[in-house]
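One letter stands for each residue in the lines below.
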Amino acid sequence: MAEVTTDARGLVKRRLGLRLWLSGGWLLILTLAAVFAPLLSPHDPLSQDLLGGRIPPMFFHGADPAYPLGTDSLGRDVLARLLYGGRIALIVALVAGLATCVIGSTLGLIAGYFRGWPDMVISRLIDIWMAFPPVLFAILLIAVIGPGLTSIILAIVVIDWTRFARVVRAEAMAQGAMDYVASAQVAGRTRVGTMLAEILPNVLPTVIALLTLEMGIAVIVEAILSFVNLSISTDDPTWGGMISEGRTSVYQAWWVLVFPLVCLFLTVLSFSQLGEGLKDRFDPVLR
Amino acid sequence: MQLARAFLIRLLTTLVTLFGVAVIVFFVIRVVPGNPIAMMLPPGASDADVERLKALYGFDKSIPQQFIIWLSGVLHGDFGTSITRRQPVLDLVLNRLPATIELAGMALIIATIIGGFLALTGTRLRGTKTEAAIDVGSGMALSIPDFLWGLLLILLFGVLWPVLDISGRVTPSLQLPFTTQFYLTESVLRLRFDLWRDIAGHMLMPALALAIPLSAIIGQLLKQSLKETMHLDYVTLARTKGYGENHVILHEALRNAILPTLTLIGVQFTFLIGGTVIVERLFSYEGLGNMAIDAVINRDLPLIQGIVVVFALLFTLINLAVDMCYALLNPRLRHG
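About the cut-offs
- Residues numbered from 1 in each chain as written.
- Chains lettered and ligands numbered in written order.
- Predicted model: local features only at pLDDT ≥ 70, side-chain atom pairs only at ≥ 80, totals over all residues.
- Helix = DSSP H or I, 4+ residues; strand = E, 2+ residues; numbered from the N terminus.
- Buried ≥ 20, exposed ≤ 12 C-beta atoms within 10 Å, placed from the backbone.
- Contact = placed C-beta atoms within 7 Å.
- Domains from an automatic or database assignment.
- Nonpolar A, V, L, I, M, F, W, Y, C, P; charged D, E, K, R; others polar.
- pLDDT = per-residue confidence, 0-100.
- Axes fitted to C-alpha atoms, helices over the stretch in contact; angles between N-to-C directions.
- Parallel < 35°, antiparallel > 145°, perpendicular 65-115°, else oblique.
- Left-handed = near helix turned anticlockwise from the far one by under 90°.
- Core = buried A, V, L, I, M, F, W, Y, C linked by C-beta atoms within 7 Å.
- Expected span 1.5 Å × (residues − 1).
- Bend = angle between axes of the 7 residues up to and from the residue.

Enquirer: What am I meant to see in the overall build of chain B here?
Expert: A count of helices and strands for chain B gives 14 helices and zero strands. Helices and strands appear in chain B in the N-to-C order α-α-α-α-α-α-α-α-α-α-α-α-α-α. Taken along its principal axes, the extent of the C-alpha atoms in chain B is 85 × 55 × 40 Å. Across the 336 residues that make up chain B, the buried fraction comes to 38%. The long-range share in chain B, meaning contacts at least 24 apart out of those at least 6 apart in sequence, stands at 73%.

The structure is reproduced here in structure tokens:
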């Protein structure tokens, strides 16, 4: 029996390794593509050519080698828009993900460790937030604060901080009840000191796994907002904007929808698999 | 007695939550730049006209005053009048709500069937490649959100192999004899299966998009729960009594494993309803969420308010119902 478990563990470990490598690989490609977008793009993502609209991608009848992924209905290069859209997606993932993580985790830590009235207030807020349909909330916020990159990041933080707060609160509560926390206090640590030195390191693995998940979610929220035409601006190339356009012309030019969709799929999947993989890495049983 | 007190407290916190939602949405949308009244009048309307219309909708009063007026209206069942559609908000919401409920219900049923099937198959074929495939597949399925599944389905069954309709709730040219907005249910009751096919054909893709991530979650949890139950003594006893593996799983283990899954389905169902907003938009399905997005784009404040509050009411009621079911079904909580 013991042998079987070791085998299974080895298998799990190997699969985890592969998963981490694949998702890490795609995110690295994405980062490089985003950083070097101006060098890699054969065309300006905004330049239109109404006579050269809806050119199909490579290997299809009527393709133009100058446009390897084809053009949209306004004759804009799909590859260039994809690369520049990747920039916005990555910025949103990093900034919104981190900001949501810091704010949500801090509130969760305070609520879970100090209990009492801070916990009451924060828990009530979480309840209220959970009663909002998140997508509608985000759309509403963008309508209020106006479109733009900063607005999108702000909206993501405002709608999603509860994801961290809920989990961290529960973890901090569980940790706070343990003996080592009590002994730290006996040893003369202050409450805040205990929270930062004892509780925080123990909830960190969960927080990091959640953070990568949140980055994937941020990319999706950005895509949804640009799909509803409330994102950056209608001109700036975003994956969601391309999808929105591709959805309307799906029967005439499927490629305008397919390529950004593939990118979104891979990115979201990579972030979540990275999170899962990291969580398992930190799991002492599997390690 | 204790149970009754717990329910009462739970009911009170629910009311506080709903009040909080109403306050937040009320104040947030009133900071909206852009004058909703100006958009209603033809260009060149006099200032007096603008003022009159403002007064009609109550926008001339202070925001706290507006809130009190709105709240007392709501308590009397009056959610105000939509600015763009010029109809009572309550009528508009009630007109669209059945479409969303049918969509969410269909998605929930699909998710439960797929999830249950995956969990049972995975448990029956423990330790095989099939189980591993189910694990990997559901791990991926749940990390992709409904929005992306919807787009993928559009490409697959709308473009590549066009068998389903990609937009709307029903083919517009059809004559509908319905008296309620529950089209799918009513078409069955009236035995109009020709209409049923059309309506279900429109609903299938958005419902699937909503159902896929949830089915993966249900499958994973139920399988985990079954796994734990399969090691319990009474299951071993049933097995030594000579019952086959299928019987043991379906009749002995499942009954015990289903409770934690049930509460999860409740919570996840509210997430699913939240997901209808964008999925309805994606498929141009005429439900509440689609109307909500239009309302935000058109700055129709009374309508936005009404819809958000109705969503919040739906969410909190589902959570309340799940908590109550759980307490009633779980003997440990009943006596504890």
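Enquirer: Would you explain the overall build of chain A in this entry?
Expert: Each helix and strand counted, chain A has ten helices and zero strands in total. When the helices and strands of chain A are listed from N to C terminus, the series reads α-α-α-α-α-α-α-α-α-α. Taking the principal axes of its C-alpha atoms as reference, chain A extends roughly 75 × 55 × 30 Å.

Enquirer: Whenever I open this one, the domain arrangement of chain B confuses me. Can you help?
Expert: Note on interface size: it is often stated as the accessible area lost on association of the parts. Residues and elements named next belong to chain B. By the assigned domains, chain B splits into domain 1 (1-84 + 298-336) and domain 2 (92-293). Here domain 1 and domain 2 have C-alpha centroids that lie 29 Å from each other. With 14 residues of domain 1 at the contact, the number on the domain 2 side is 13 residues. Residue classes in the side of domain 1 that touches domain 2 are distributed as ten nonpolar, four polar and no charged.

Enquirer: I'm lost on the interface of chain B and chain A in this one. Help?
Expert: With 37 residues of chain B at the interface, the matching set in chain A holds 29 residues. Looking at the side of chain B that touches chain A, the elements that each hand over two or more residues are helix H1 (2-29), helix H6 (129-143), helix H7 (146-160), helix H11 (245-282), helix H12 (288-297) and helix H13 (301-329) of chain B. Taken together, the residues that form the side of chain B that touches chain A break down as 27 nonpolar, nine polar and one charged.

Enquirer: Quick question: what am I supposed to make of the confidence of the model for chain B here?
Expert: Predicted coordinates in regions of low pLDDT should not be interpreted in detail. Counting all residues, the mean pLDDT for chain B is 86, and 94% of those residues have values of 70 or more. Ranking the elements of chain B by mean pLDDT puts helix H14 (residues 331-335) of chain B last, at 59, and helix H5 (residues 89-124) of chain B first, at 94.

Enquirer: Hey, could you run me through the confidence of the model for chain A in this one?
Expert: Residue and element names in this part refer to chain A. On average, residues of chain A carry a pLDDT of 84, and 91% of them reach 70 or more. Across chain A, the secondary-structure element scoring lowest on mean pLDDT is helix H1 (residues 2-35), at 73, and the one scoring highest is helix H3 (residues 78-114), at 94. Considering only residues more than four positions removed or in separate chains, one finds that residues 1-6, a stretch of pLDDT under 50, has zero contacts.

Enquirer: What is the right way to look at the packing of H7(B) against helix H9 (residues 193-230) of chain B in this model?
Expert: Residues and elements named next belong to chain B. Here H7 crosses H9 at 135°, and the two axes come no closer than 8 Å. Judged on the interaxial angle alone, H9 and H7 are oblique. Taken as a pair, H7 and H9 cross one another with a handedness that is right-handed. In this structure, H7 uses Asp146, Trp149, Gly150, Leu153, Ile154 and Phe157 to contact H9, whose residues at the interface are Met205, Pro206, Leu208, Ala209, Leu210, Ile212 and Pro213. Broken down by class, the residue content of the contact of H7 with H9 amounts to eleven nonpolar, one polar and one charged.

Enquirer: Explanation requested: the nonpolar core in the structure shown.
Expert: Nonpolar side chains in soluble globular proteins tend to be buried together. Ranked by internal contacts, the top residues of the largest apolar core, which has 165 residues, are Ile139(A) and Ile307(B). Mapped onto the domain boundaries, this core takes at least three residues apiece from domain 1 (1-84 + 298-336) and domain 2 (92-293) of chain B. Discounting residues that sit within four places of it in the chain, Ile139(A) has contacts with Leu225(A), Val228(A), Leu230(A), Ile293(B) and Val296(B).

Enquirer: Can you help me understand the packing of helix H4 (residues 116-130) of chain A against helix H6 (residues 149-176) of chain A in this one?
Expert: Two measures define how a pair of helices packs: the angle their axes make with one another and the distance between the axes. All names here are of chain A. Between H4 and H6, the shortest axis-to-axis distance is 10 Å and the interhelical angle comes to 135°. Here H4 is positioned oblique relative to H6, judged by the angle of their axes. The element H4 and its partner H6 pack so that their crossing is left-handed. Across the interface between the two elements, Ile122, Ile126, Trp129 and Met130 from H4 touch Thr162, Ala165 and Arg166 from H6.

Enquirer: Could you clarify how one ought to interpret unusual backbone geometry in this entry?
Expert: Excluding glycine, residues mostly carry a negative phi; peptide bonds, for their part, are mostly trans. Residue and element names in this part refer to chain B. With a phi angle near 60°, leucine 191 is a residue other than glycine that sits in the positive phi range. Residue position: leucine 191 is located in the loop between helix H8 (183-189) and H9. Exposure remark for leucine 191: the 9 C-beta atoms within 10 Å place this residue in the exposed category. If you check the backbone angles, serine 284 has positive phi at about 45° while not being a glycine. The residue serine 284 is located in the loop between H11 and H12 in this model.

Enquirer: How should H7(B) be read in this particular structure?
Expert: Structurally, the α-helix is built with 3.6 residues per turn, so residues lying three or four positions apart point the same way. Given a rise of 1.5 Å per residue, 15 residues ought to cover 21 Å, and the 20 Å separating the end C-alpha atoms of H7(B) matches this to within 8%. For H7(B), the full list of buried residues reads Asp146(B), Phe147(B), Leu148(B), Trp149(B), Gly150(B), Leu151(B), Leu152(B), Leu153(B), Ile154(B) and Gly158(B).

Enquirer: What am I meant to see in H9(B) here?
Expert: Here H9(B) spans only 43 Å end to end across 38 residues, well under the 56 Å set by a 1.5 Å rise per residue. Of all the bends in H9(B), the greatest, near 35°, is centred on Leu204(B), and the proline Pro206(B) appears no more than four residues after it.

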